[in-house]
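Chain by chain, the residues:
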Amino acid sequence: MSDKPDPDKSTIRRSIEDGVETFEATIEGETIQWDSGLTYSRHLQTEQLLNSQTPVSDKPDEMLFIIMHQTMELWIKLMLHETRVAMADISADRLERAGKTMDRIATIMRHMIHSWEVLATLSPHDFLTFRGFLRKASGFQSHQYRELEFLLGLKRPDLILVHDGNEAAKARLTETLNAPSLYDEVLQALARAGADIPQNKIERDWSEPYEPDDAVEQAWQAIYTDPDQHWPLYALGEKVTALEYYFQEWRFKHMKTVARVIGHKHGTGGSSGVNYLVKALDLDFFPELWSMRTHMSAKREGGDYNECPVQ
Ligand code: HEM
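Residues numbered from 1 in each chain as written. Predicted model: local features only at pLDDT ≥ 70, side-chain atom pairs only at ≥ 80, totals over all residues.

Quick word on the overall build of the protein
Test applied: In this description a helix means any DSSP run of H or I spanning at least four residues, a strand means any run of E spanning at least two, and both kinds are numbered starting from the N terminus. Just to be clear, the radius of gyration here is over C-alpha atoms, and the globule rule we use is 2.2 Å times residues to the power 0.38. Partly exposed residues are those whose C-beta has more than 12 but fewer than 20 other C-beta atoms within 10 Å; with 20 or more the residue is buried, with 12 or fewer it is exposed, and the C-beta atoms are placed from the backbone. Two residues form a contact once the distance between their C-beta atoms, set from the backbone, is within 7 Å.
Counting its secondary structure elements, the protein contains 13 helices and three strands. The C-alpha atoms of the protein give a radius of gyration of 26 Å, which is well past the 19 Å a tight globule of 311 residues would have. The 311 residues of the protein split such that 21% are buried. Considering only intrachain contacts with a sequence separation of at least 6, the fraction spanning at least 24 residues in the protein is 63%.

Examining the domain arrangement of the protein
Defined as follows: Just so you know, the domain bounds were taken from an automatic or database domain assignment.
The assigned domain composition of the protein is domain 1 (7–38) and domain 2 (57–295). A straight line from the C-alpha centre of domain 1 to that of domain 2 covers 46 Å.

Points about the site of the ligand
Where we set the bar: Any residue qualifies as near a molecule or strand once its backbone-derived C-beta atom lies within 6 Å of it. Note on residue classes: Ala, Val, Leu, Ile, Met, Phe, Trp, Tyr, Cys and Pro are nonpolar, Asp, Glu, Lys and Arg are charged, and everything else, Gly too, is polar.
Inspection of the region around the ligand gives 25 residues, with Ser-138, Gly-139, Gly-267, Gly-269 and Ser-271 positioned closest. In terms of residue class, the shell around the ligand is built from 13 nonpolar, eleven polar and one charged.

Quick word on the environment of Ser-272
Topologically, Ser-272 is positioned in the loop between α11 (231–262) and α12 (274–279). Residue Ser-272 is classed as partly exposed on the basis of its C-beta count, with 13 C-beta atoms lying within 10 Å. Here the alpha-carbon distance between Ser-272 and Trp-290, two residues 18 residues apart in the chain, equals 28 Å.

Structural notes on the sheet that holds strand β2 (residues 20–27)
Spelled out, the test is: Whether two strands pair depends on DSSP finding at least two bridges between them. Here, axes are lines fitted to C-alpha atoms. For helices the fit covers the stretch in contact, and angles between N-to-C directions go from 0 to 180 degrees.
Sheet architecture is open: three strands sit in the order β1-β2-β3, paired in antiparallel fashion. Each edge of the open sheet is held by one strand with a lone partner, namely β1 (13–17) and β3 (30–35). If you compare each strand with its neighbour and ignore which way they point, the axes differ by 30 degrees on average. The pairing of β2 with β3 spans six bridges and is antiparallel. The residue of β3 that forms the bridge with Phe-23 is Trp-34.

Side note on the pairing of β3
When you tally the buried positions in β3, you get zero out of six residues, a small fraction of the element. The loop that links β2 with its antiparallel partner β3 comprises two residues; one of these, Glu-28, has a positive phi angle of about 50 degrees.

Focus: helix α7 (residues 167–178)
To keep things clear, this is the line we draw: Multiply 1.5 Å by the residue count of a helix minus one, and that product is the helix's expected span. This arc is taken over the directions from the axis of the helix to the C-beta atoms.
Taking 1.5 Å of rise per residue, twelve residues should cover 16 Å, and α7 covers 16 Å from first to last C-alpha, within 8% of that figure. Three or more residues of α7 are buried, namely Leu-173, Thr-176 and Leu-177. In an axial view of α7, the angular spread of the buried residues amounts to 105 degrees, which keeps them on one side of the axis. Facing away from the buried side of α7 by more than 90 degrees, the exposed set consists of Glu-167, Ala-168, Ala-171 and Glu-175.

Rendered as structure tokens:
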């Protein structure tokens, strides 16, 4: 083997490409390129992102608490974005495209559900070391979480109150409150496709909490009873149901992780804690998609034991 140094090694080759300074180097046998036009850290704003973890205590476990909340907030931000993409497709009757986007949202939710396992490594003692420093700060004040609830279909205007003083958050929440939700868009799509949806469900004051309706339940039941006849709407119903199914699982894992960490203590936000979170498990986004299942029935078949292939 020659001892002569490789002239390419440790040297950066400079050129101008597309009008910007461009760099190339050979690192461990690979040709690596970058340019001054757009770098990884400028695109992703990693400096800002990685300088946004500021513990309020000197306790080592607070960092986990901060990063868990921040990553969840980022995922919620993406879900808000994707839900709006899906809603635009539903309103244009591009149901298959909307289905693809809703699959992505469901996958994000499953990822978030799984990530509670990381927070579950925070023992009651670990949390108590910094709990006092949090004062009254609580996830209850997450305006993105509330916006996602509104966007999916759960409108609870009173909850905007806690954002008094944060005008930007209040404006976003008020805008989402006053606009159709994902479920409103779904019901409009059903009506356009010929389902019997009452007019007061497709033209209403969007800021009002959605009231379940027997006729809507019957429309879903008709779709679910004969999927072959209504496949696109049936598939839409199942994609939407999956979102609530996983959202509830997220709520459940949050509640169970909280129980594991603080037992039945009150929350930092002042609520009854676990009891408050248990109550949230009864909240619905798409009520008739659930109630309809109870009332569905199959035509009677298979009652003759003499014809049963297993004797
Ligand atoms: C050890 C960790 C955690 C504890 C002990 C905890 C505790 C609680 C409690 C007791 C509440 C009820 C409100 C209150 O009185 O404060 C609450 C609400 C909430 N928490 Fe957490 N939490 C934890 C982690 C998280 C994480 C990582 C997130 C992610 C963003 C989160 C998001 C929320 C949200 C969105 C609410 C409002 C739920 C609703 O109003 O339905 N929490 N939390």
